[in-house]
Every structure is written in C-alpha cells, then in structure tokens.
Amino acid sequence: IMRPDDANVAGNVHGGTILKMIEEAGAIISTRHCNSQNGERCVAALARVERTDFLSPMCIGEVAHVSAEITYTSKHSVEVQVNVMSENILTGTKKLTNKATLWYVPLSLKNVDKVLEVPPVVYSRQEQEEEGRKRYEAQKLERMETKWRNGDIVQPVLNPEPNTVSYSQSSLIHLVGPSDCTLHGFVHGGVTMKLMDEVAGIVAARHCKTNIVTASVDAINFHDKIRKGCVITISGRMTFTSNKSMEIEVLVDADPVVDNSQKRYRAASAFFTYVSLSQEGKSLPVPQLVPETEDEKKRFEEGKGRYLQMKAKRQGPAEPQA
C-alpha cells in the first residue's frame, strides 16, 4: 500500500518508488530462476532497464500489484517483463501504471565479480526465443554505445542565469550503507534508480518551479557494481525541453573511499523525462531551456532527436495517401 512517504507534495507516488518495486520483483524472479538447477549459488544483479513509461499516476492509499515474468534467457543474462497495477481498494478500480523490461546477470556468491551461466527457459512457441534473441542483441549494442559518455562530468557554475543548464543542475552525495545493499555487499539496482529519480525530479522542479511527475525513463544502464562503503555522486542536468516535457540526464559516479586501489568510476547513467503539472493535475507549458556552451547545444540536439523519435513511435506509421 502506498503511504505518504512514498509520494510527492501533490500526493502522486514518486517514480523512483515504483522503479524500486519493479527492480525488487525482477531481482526475486531472476535469482530464483538462476538457482533452479544444481550448481554454484548466485544472486541476480541488475544490468539494464529498458525504456519505461509511466502510463498512469499512482496515489497515496492505493495498492500496488507488481507481477514479473521471465521472457528470455541468454547464456549469461535474464530478461524480465514487469507489470505494475494500481488498485483503489475503496472502489475496486484497477489500472495499469507501468510496464518495464529489465536485464539481470547472475553473480557467484563466492565471487561477485564472476558471472555464471543461466539455466535455459522453456518457451511456449519457437518465435518467442527468436524475438527474445533480437531484443538481447539490440540492448547489448546499445549498452556498448553508452560507454563513450562515461568520462563526462557535471561541473558546478557560479551565479547561473535562469533557464540555463547550470541553473537547475543538481547533485546528491550518498554514503552507501548496509541498508542499501544486498546480503552480498553491493547496492540494489532499485536503490540506485530511486536516488536517480530524486535528483532528476529536483532538476525538473528547479527549472519549471511547479509540481512535476516522471513521465518516462529512457534505458538505464548499470556499467559497474557499487559496493558497500562507496560514496556515490548522483548528478542531473537538463538536456532538452519540448513545449510540455523536460529531458534530464542523470549520471552516477562511485568513489571507493575505503579502497585506495580503485579509482572513481561511472556506475550508471540514464535519461529521465518529466512533465510539469498544475495544482489541478493538468499539463503546463515548460520554460524553454537555454543551452549556452557547444556541449550543451550538442546535447540539446541529441535530446531533440530522441524526443522526435519517440513521438513518431507513439504516433505509429503514417497512413498511406489515397
């Protein structure tokens, strides 16, 4: 059941809270499957979350139903489909709020740096395996393409002008404690995603100064594990605005302060999309972002490309002309 500490000031449940529930369901089903045969025991770690749309808001007092299903397995990874339904227990009304696809890899309990093989899943029809293999190859390629951005850093700017990237950019520094981690000493993917959503929400609120909600999350890539005792810096910056939406890039860097042998590294990255809402919950226009540097202008154009691509996908193929 959703409680006040799960929601924002308007009573809508935080996107990060829902992402955390989705990841927990995926971790449970993946770990069960990967330990379903005799062999070395393991725990499933989150590697990637595909684009996730927030189809309908969830509110305080509603009950969240989270269901997960394994849809494909490769030699070293598991694809999980998760659906989230919200239920108003006073009226009995149910609605679909989220659909997500997550990828997990099994890590040995004896050595969490060792990736184990995944037991194969039984498909009800041959086409399912072929469709799953195509999705696997596509996400593998996209994960590789994100690595070129891993050196990018969000730098603070003194006295920034309103509506600029520097004006709304935000960072959160967090010491990873035992409550953030699995029993095996590395951070739950859901914990990281919740912190990422929190930072992205601050950036969006600073930019438009209204109530904001998560509309969607582009693919979240987990580049490396975050271990207990690390200090993580979650940085967010505005990359693009349309008339009614804001795209925010979020970067997660981990600093192993208790381990001098390892340097600071990029642990995760993603793009979050937010919308601005009035007190009545209606969509509001978004102040237009003012990119200043060449890098900001380049990121703006890249964000515009992603926005137009997703808009075209939602609208579907054009009708043939008579």
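All figures in this text were calculated on a predicted structure; none of them were measured in a lab.

Q: Any chance you could explain the pairing of strand β9 (residues 231–241) here in plain terms?
A: Walk down a regular strand and you will see the side chains alternate between the two sheet faces. Where burial is concerned, most of β9 is hidden: 10 out of the 11 residues are buried. Pairing of strand β6 (residues 170–175) with β9, which is carried by six bridges, proceeds in the antiparallel orientation. Opposite Ser170, over in β9, you have Gly236 as the bridge partner. Counting the residues in the hairpin turn of β9 and strand β10 (residues 246–255) gives four residues.

Q: How should I be thinking about helix α4 (residues 189–208) in this particular structure?
A: Because each turn of an α-helix spans 3.6 residues, side chains separated by three or four positions end up pointing in the same direction. In this model α4 runs 29 Å from its N-terminal to its C-terminal C-alpha over 20 residues, within 8% of the 28 Å that 1.5 Å per residue would give. Of all 20 residues in α4, 15 are buried, a share of seventy percent or more. Once α4 finishes, Lys209 follows within two positions and takes phi at roughly 55 degrees, a positive value.

Q: It is not clear to me how helix α1 (residues 15–34) should be interpreted in this structure. Could you clarify?
A: With 20 residues, α1 extends 28 Å from end C-alpha to end C-alpha; this agrees with the ideal 28 Å at 1.5 Å per step. Among the 20 residues that make up α1, 14 are buried, leaving the element largely enclosed by the rest of the structure.

Q: Hey, could you run me through the UniProt feature "active site" (unreviewed entry) in the chain in this one?
A: When the UniProt feature table is mapped onto this chain, "active site" (unreviewed entry) is found at Asn8 and Asp197. Spatial clustering of the annotated residues is evident: they stretch over 190 residues in sequence, but the largest pairwise C-alpha distance comes to 12.0 Å. Residue position: Asn8 is located in the segment before α1. The exposure class of Asn8 is buried, given its relative accessible area of 17%. Among residues more than four places away in sequence, those in contact with Asn8 are His14, Asn211, Ile212 and Val213. Checked against the element boundaries, Asp197 lands in helix α4. On the basis of relative accessibility, which here comes to 4%, the residue Asp197 falls in the buried class. Contact partners of Asp197, with chain neighbours within four places excluded, come to His14, Gly15, Gly16, Thr214, Phe272 and Tyr274. Within the local environment of Asp197, its side chain forms a polar contact with the side chain of Thr214, the two groups lying 2.9 Å apart.

Q: For this particular structure, what's the right way to read the pattern of salt bridges?
A: Tallied over the full model, the rule gives 18 salt bridges. With its nearest N and O atoms 3.2 Å apart, the salt bridge here joins Arg51 to Asp53. The partner of Arg266 in a salt bridge is Asp253, with the nearest N and O atoms 2.5 Å apart. Here Arg266 is found in strand β11 (residues 265–277), whereas its partner Asp253 is found in strand β10, with 13 residues between them in sequence. Since its relative accessible area comes to 7%, Arg266 is described here as buried. Exposure remark for Asp253: the relative accessible area of 7% places this residue in the buried category.

Q: So what exactly am I meant to see when it comes to the domain arrangement of the chain here?
A: How big an interface is tends to be stated in terms of accessible area lost as the parts join. Looking at the chain, the domain boundaries give domain 1 (4–141) and domain 2 (165–315). Inter-centroid distance (C-alpha atoms) of domain 1 to domain 2 is 20 Å. For the domain 1 and domain 2 pair, buried surface summed over both sides reaches about 2,200 Å², with 59% attributable to carbon and sulfur atoms. Run the count over domain 1 and domain 2 and you get two salt bridges. Asp113 is paired through a salt bridge with Arg227; the nearest N and O atoms lie 2.8 Å apart. Elements with a minimum of two residues in the side of domain 1 that touches domain 2: α1, β1 (42–49) and β2 (52–54).

Q: Would you mind showing me how to read the packing of aromatic side chains here?
A: Note on aromatic pairs: each is described by the distance of the centres and the angle between the planes. Considering all chains together, one arrives at six aromatic pairs under this definition. Between Tyr72 and Tyr136, the aromatic rings sit 6.2 Å apart at their centres with planes inclined by 40 degrees, giving tilted as the arrangement. On the criterion of sequence distance, the pair formed by Tyr72 in strand β3 (residues 63–73) and Tyr136 in helix α2 (residues 126–146) is long-range, its members being 64 residues apart. Given a relative accessible area of 5%, Tyr72 falls into the buried group. Ring pairing ties together the aromatic residues Tyr72, Trp103, Tyr123 and Tyr136, which thus form one cluster. Over the face of the ring belonging to Phe271 we find Arg306, whose NZ or CZ atom lies 3.9 Å from the ring centre.

What counts, and at which threshold
Residues numbered from 1 in each chain as written. Predicted model: local features only at pLDDT ≥ 70, side-chain atom pairs only at ≥ 80, totals over all residues. Heavy atoms only, no water. Buried < 20%, exposed > 50% of the residue type's maximum accessible area, 1.4 Å probe, protein only. Helix = DSSP H or I, 4+ residues; strand = E, 2+ residues; numbered from the N terminus. Pairing = 2+ DSSP bridges. Expected span 1.5 Å × (residues − 1). UniProt positions renumbered as here; feature names shortened; annotations may be inferred. Contact = heavy atoms within 4.5 Å. Polar contact = N/O pair within 3.5 Å; in protein donor to acceptor, adjacent residues only side chain to side chain. Salt bridge = Lys/Arg side-chain N within 4 Å of Asp/Glu carboxyl O. Domains from an automatic or database assignment. Buried area = accessible area lost by both parts, 1.4 Å probe. Phe/Tyr/Trp six-rings, centres within 6.5 Å; stacked < 30°, edge-to-face > 60°. Lys NZ or Arg CZ within 6 Å of the ring centre and 35° of its normal.

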